[in-house]
Amino acid sequence: MSVTRWEDDASLWHGPDYGSEALKYHPDVKSAAVAGRIITCVEIVDWSGTGTKDMLISAWDACYDGRVFLRRQIGTNPDGTPVLGEEELVEGVRGYVTAVSDGDIFHLVSASRLRKQIYVFPNIGKKGAPEFGDPVLLDLDADWVKGNEYFHMARFHDIDGDGVPELIVGSDYWNDYWPNGLEWNDEGYRGYDDAGRWLGGPLRGFLYAFKNKGTLAAPVLEKGHALIAGETPLEVYGQLAPAFGKLGTKQQHLIAGEFWNILHIARQREDGTFEPTSLIRSVDDKVLELEHCIHLPCVVDWDGDGREDILYGAEDGYISFLKNVRDGEDGLPRFEQRGRIETTKPLIHAGILPSPAAYDFSGNGHYDLVVGNSTGELLFYQSREKDGTIYLDKEVMLKGGDTSIRLAAGLTGSIQGPSEKMFGYSCPTLADWTGNGSMDILVSDVTGLHRLFRNTGEKVLPPRFGEEEFLTFKGKPLKTVWRVRPAVVDWLKDNDLHYVALDEDGVLSDWRKASDTELVDKRFLRWEDGEAMRFTVDVGGGRGRVKLCFCDWEGAGRTDLIFGTHARACVPPDPKTGAPRNTTKQAGLFYSRNVGTPEEPRFALPVPIKHRDETIQMAMHVASPEVVDWAGRGNLDIIVGIEDGSIVWLKREELSW
């Protein structure tokens with residue numbers, strides 16, 4: 001099986017662990033959303049052997065080594081759903097993990113986009129005390145539909161009714177998707193035509209069954225075959241994630257997650273094939289659209305009412321509950337969206353790829369946070385101090401006018417194509433842009449457009465903002481490279497504000513504010529050698545993603561630059577030496593001293609920032625900094641959003657550059 005996408009050469013990130021620096025909820029926050037890391041898989045097992053519904057949470061193993069976590073059921077809510085306890089690491093297991101019962105114990109099954117095998121982690125412990133041995137590697141052979149498919153998610157399930165579970169594997173196929181075989185960061189890539197139509201094809205995902213002639217702990221698999229729905233191979237829009245259950249009926253059903261924000265359902269026929277798939281529907285018989293994308297489901301009677309429900313993880317790391325309410329006229333179950341599952345002893349999870357901005361909205365002397373993320377939300381965290389420690393209150397989604405802010409690409413807004421229609425990648429900065437004495441939000445996103453959310457000036461928490469307005473340049477909405485956190489700078493300290501971002505070619509650019517929405521007088525910012533400032537040697541969608549933060553870092557009266565990058569960034573843009581592409585190969589933070597004048601700023605070549613004498617390494621997608629005197633100590637610290645959803649406080653005395 002030939003696999004050509006980047007995951008074959010991807011690194012597993014084993015860099016420093018910043019968990020001890022992660023900001024935490026205030027002790028008064030007794031419950032908040034349970035979350036994994038990035039692209040979360042959820043499975044329910046009886047870990048304790050006492051009939052509990054314990055939750056296994058696993059994640060995409062290209063980030064943070066795909067660690068697996070457990071939250072045990074420690075009680076029951078009034079509605080019958082489990083109360084979950086604190087997070088525990090499951091040692092020695094990695095990848096997207098599902099469980100298969102084997103008598104009194106269960107084994108774990110793991111799939112990964114980074115390998116061409118399925119792992120079985122055999123349980124060598126006993127009931128109520130699981131312990132997992134070295135993984136058994138399963139090399140799969142099948143009559144592949146396309147022949148170049150990734151394994152996305154696997155589980156054992158008795159699909160032919162003989163009492164012996166088959167290995168069922170969902171796949172992911174991208175070769176038809178990219179126009180002319182060129183990906184978003186290839187020279188010559190063009191995703192859309194002049195009418196905005198996608199020039200590539202669909203994502204594709206198929207489902208395979210492998211007969212097991214061995215045991216569950218040591219499978220021996222026959223050649224696999226594609227499962228059929230209707231008259232053709234069962235197919236969804238990429239990243240097929242299977243789950244099975246009767247769902248309150250007499251027939252077995254398949255539930256299939258895919259890349260987009262829907263779930264599929266198909267009844268199984270007596271011959272082992274499936275009826276054509278339908279979309280999961282709500283109680284009012286409408287297609288049930290989910291909040292984000294890349295969903296990995298499991299089937300379990302979560303509330304104990306006798307009907308199996310659906311839990312699903314997603315790209316944003318959260319886990320949500322679809323309650324099975326009743327059957328529709330077609331005999332298929334109808335579901336009610338009950339939202340994100342919460343847990344006791346929660347960890348702060350600000351979505352995926354969080355991008356924080358800080359200001360003391362509450363006026364209590366401590367900075368609050370406005371945080372963007374891959375889902376396109378703007379979350380508000382109020383800070384509170386207790387016993388000398390700064391905590392955060394539970395997040396609240398901010399609104400623009402009367403509508404919750406959730407930016408999204410739609411079918412044509414992402415350079416990576418229509419698969420990313422639900423992504424937003426909101427990157428906010430805070431400034432008194434409109435001059436009314438209150439902090440406004442300026443934000444860019446997946447589209448490269450730049451929005452203003454005007455503070456209403458009301459002294460309330462969370463702060464209130466008006467409806468979105470677009471910044472313009474030369475009479476048109478300003479459109480730049482994507483996923484850049486912009487900055488507002490007053491170079492001369494004369495209230496003549498400038499807006500700084502990467503332009504459409506990825507060059508660091510400065511525009512002067514002419515009105516609340518109009519920008520003029522674009523100029524390039526430059527390195528000390530006079531070259532315009534770029535942050536990568538890539539093209540297309542490889543540009544952008546940089547998070548900007550201007551500040552007087554060394555207290556010398558200058559306006560210096562601290563910025564965060566993704567792993568493929570290349571600063572300075574030298575293909576052989578630029579960091580972090582040729583150094584740590586992970587997202588990092590960099591410092592560039594302003595060596596110019598207020599009128600003509602120039603910036604020294606960037607140096608990587610170290611934490612506890614080790615170069616900062618924060619996995620693949622992004623390290624998003626905000627520079628602020630977080631604890632009111634008279635020193636600038638760095639608050640950083642890390643791609644796994646955590647927000648960390650890097651103290652000044654532990655940083656070097």
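Analysis parameters
Residues numbered from 1 in each chain as written. Predicted model: local features only at pLDDT ≥ 70, side-chain atom pairs only at ≥ 80, totals over all residues. Heavy atoms only, no water. Salt bridge = Lys/Arg side-chain N within 4 Å of Asp/Glu carboxyl O. Helix = DSSP H or I, 4+ residues; strand = E, 2+ residues; numbered from the N terminus. Buried < 20%, exposed > 50% of the residue type's maximum accessible area, 1.4 Å probe, protein only. Phe/Tyr/Trp six-rings, centres within 6.5 Å; stacked < 30°, edge-to-face > 60°. Domains from an automatic or database assignment. Contact = heavy atoms within 4.5 Å. Buried area = accessible area lost by both parts, 1.4 Å probe. Polar contact = N/O pair within 3.5 Å; in protein donor to acceptor, adjacent residues only side chain to side chain. Nonpolar A, V, L, I, M, F, W, Y, C, P; charged D, E, K, R; others polar. Pairing = 2+ DSSP bridges. Core = buried A, V, L, I, M, F, W, Y, C linked by side-chain atoms within 4.5 Å.

S.K.: Mind showing me how you'd approach the pattern of salt bridges here?
M.R.: Pairing between side chains becomes possible if they bear opposite charge and their charged atoms approach one another. Counting across every chain of the model gives 48 salt bridges. A salt bridge links R155 to E43, with the shortest nitrogen-to-oxygen separation between them at 3.2 Å. With a gap of 112 residues between them, R155 in strand 10 (residues 150-157) and E43 in strand 2 (residues 40-45) connect regions that are remote in the sequence. Neither residue differs from the other here; R155 and E43 are each classed as buried. For the salt bridge of K522 with E504, the shortest nitrogen-to-oxygen distance reads 3.9 Å. Of the two residues, K522 sits in strand 44 (residues 518-524) while E504 sits in the loop between strand 42 (498-502) and strand 43 (508-513), which places them 18 residues apart along the sequence. In this structure, a network of salt bridges that share partners links the residues K146, D176, R204 and E235.

S.K.: Which parts of the structure should I look at to understand the packing of aromatic side chains?
M.R.: Geometrically, a pair of aromatic rings is defined through the distance of the ring centres and the angle of the planes. If you walk through the whole model with that rule in mind, you get 31 aromatic pairs. Geometrically, the ring pair formed by W174 and F259 is edge-to-face, given 6.0 Å between the ring centres and 80 degrees between the ring planes. Of this pair, W174 sits in the loop between strand 11 (166-172) and strand 12 (205-210) while F259 sits in the loop between strand 18 (253-257) and strand 19 (263-267); the two residues are 85 residues apart in sequence, bridging distant segments of the chain. You can call W174 buried: its relative accessible area is 8%. Given the relative accessible area of 5%, F259 is considered buried. Consider the rings of F259 and F423, whose centres lie 6.4 Å apart with planes at 45 degrees: the pair is tilted.

S.K.: So what exactly am I meant to see when it comes to the domain arrangement of the chain here?
M.R.: Interface size is commonly expressed as the accessible surface area that is lost when the partners come together. As assigned here, the chain comprises domain 1 (32-343) and domain 2 (355-656). Each of domain 1 and domain 2 has a C-alpha centre, and the two are 35 Å apart. On the domain 2 side, the residues contacting the 31 residues of domain 1 number 30 residues. Roughly 2,400 Å² of surface becomes buried between domain 1 and domain 2 when both sides are summed, with 56% attributable to carbon and sulfur atoms. Counting every contact that joins domain 1 to domain 2 gives two salt bridges. Across the pair R340 and E377 runs a salt bridge, and its minimum N-O distance is 3.3 Å. Applying the counting rule to domain 1 against domain 2 returns 14 residue pairs in polar contact (both at pLDDT 80 or more). When the residues that make up the side of domain 1 that touches domain 2 are grouped by side-chain class, the tally is 18 nonpolar, five polar and eight charged.

S.K.: Just checking my understanding: could you explain the sheet that holds strand 58 (residues 655-656) for this structure?
M.R.: Strands in a sheet are paired, the pairing made by backbone hydrogen bonds, and the direction either parallel or antiparallel. Pairing within the open sheet is antiparallel, and its three strands lie in the order 54-53-58. Two strands lie at the open edges of the sheet, namely strand 54 (614-615) and strand 58, each paired on one side alone. Inspection of the sheet shows strand 53 (residues 610-611) paired to strand 54 by two bridges, in the antiparallel sense. Of the residues in strand 54, the one forming a bridge with K610 is T615.

S.K.: Got a minute to help me understand the nonpolar core in this structure?
M.R.: Grouped burial of nonpolar side chains is what soluble globular proteins tend to show. Counting 35 residues, the largest nonpolar core has I39, W60, Y177, W178, F259 and L296 as its most contacted members. Formed by 21 residues, the second largest nonpolar core is a distinct cluster that contains V546, V571, A579 and F603.

S.K.: Explain the environment of N185 to me, please; I cannot follow it from the model alone.
M.R.: In this structure, N185 sits in the loop between strand 11 and strand 12. A residue is classified by how much of its surface remains accessible, and N185, at 16% relative accessible area, is buried. Sequence spacing of N185 and G541 is 356 residues, and the spatial spacing of their C-alpha atoms is 5.0 Å. Look past the residues within four positions of N185 in its chain and what remains in contact with it is V539, G541, G542 and R568.

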